[in-house]
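# Fold and geometry: a report
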Amino acid sequence: MRARGFTLLEMLIALTVIAVVGLALSSAIGNVVSQTYTLEQRLVAHWVAENHLARVRLARIGNTDALPTGRQTERVRMSGRSWRIERQTSQTTHPWLRRVEIEVFEVIDGDDVGPLDTLVGFVGRY
């Protein structure tokens, strides 16, 4: 009577298949983690830009002068990270309305990464 079971060759083939599937799965999970981090980084950068534009608009309340034009740089902290904001304010065809372009960079180990988000808004006289 023959003994039932797997041969050594069948076991090696099964282990090889399991290893290949595990490697493919590990690579796919690594890609998902990387994409999730990038998405979260860009989302927080967008929040930083929106917050900055809101602060600019709030600072204008009660001020009848037009927003000065030019470029400004500011550093802020949000979500436990450091961010650099570059704001370019330019004139429009209307004398009371300014175009505000905001670029957000994440500061990692002293180096700027980005721009991760660019937001364009308009600020008028309030």
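Higher on the page you've got the structure.
Residues numbered from 1 in each chain as written. Predicted model: local features only at pLDDT ≥ 70, side-chain atom pairs only at ≥ 80, totals over all residues. Heavy atoms only, no water.

### Thoughts on the sheet that holds strand E2 (residues 81-91)
For sheets, the rule is that strands pair by backbone hydrogen bonds, running either parallel or antiparallel. Taken in spatial order, the four strands make up an open sheet running E1-E2-E3-E4, and their pairing is antiparallel. Strands with a single pairing partner mark the edges of an open sheet, and in this sheet they are strand E1 (70-78) and strand E4 (111-123). Taken over all neighbouring pairs, the strand axes of this sheet differ in orientation by 20° on average, direction set aside. Relative to strand E3 (residues 98-108), E2 runs antiparallel, the two sharing 10 bridges. Looking at the pairing, Arg-87 lines up with Ile-102 of E3. (Pairing = 2+ DSSP bridges. Helix = DSSP H or I, 4+ residues; strand = E, 2+ residues; numbered from the N terminus. Axes fitted to C-alpha atoms, helices over the stretch in contact; angles between N-to-C directions.)

### Quick word on the pairing of E1
Sheet topology places E1 next to E2; nine bridges connect them, and they run antiparallel. Paired with Arg-75 across the strands is Arg-84, a residue of E2.

### Comments concerning helix H1 (residues 8-59)
What sets the pattern is the α-helix's 3.6 residues per turn: residues three or four places apart point alike. For H1, built from 52 residues, the straight-helix expectation of 76 Å at 1.5 Å per residue is met to within 8% by its first-to-last C-alpha distance of 76 Å. Contact partners of the buried residues in H1: E1, E2, E3 and E4. (Expected span 1.5 Å × (residues − 1). Contact = heavy atoms within 4.5 Å.)

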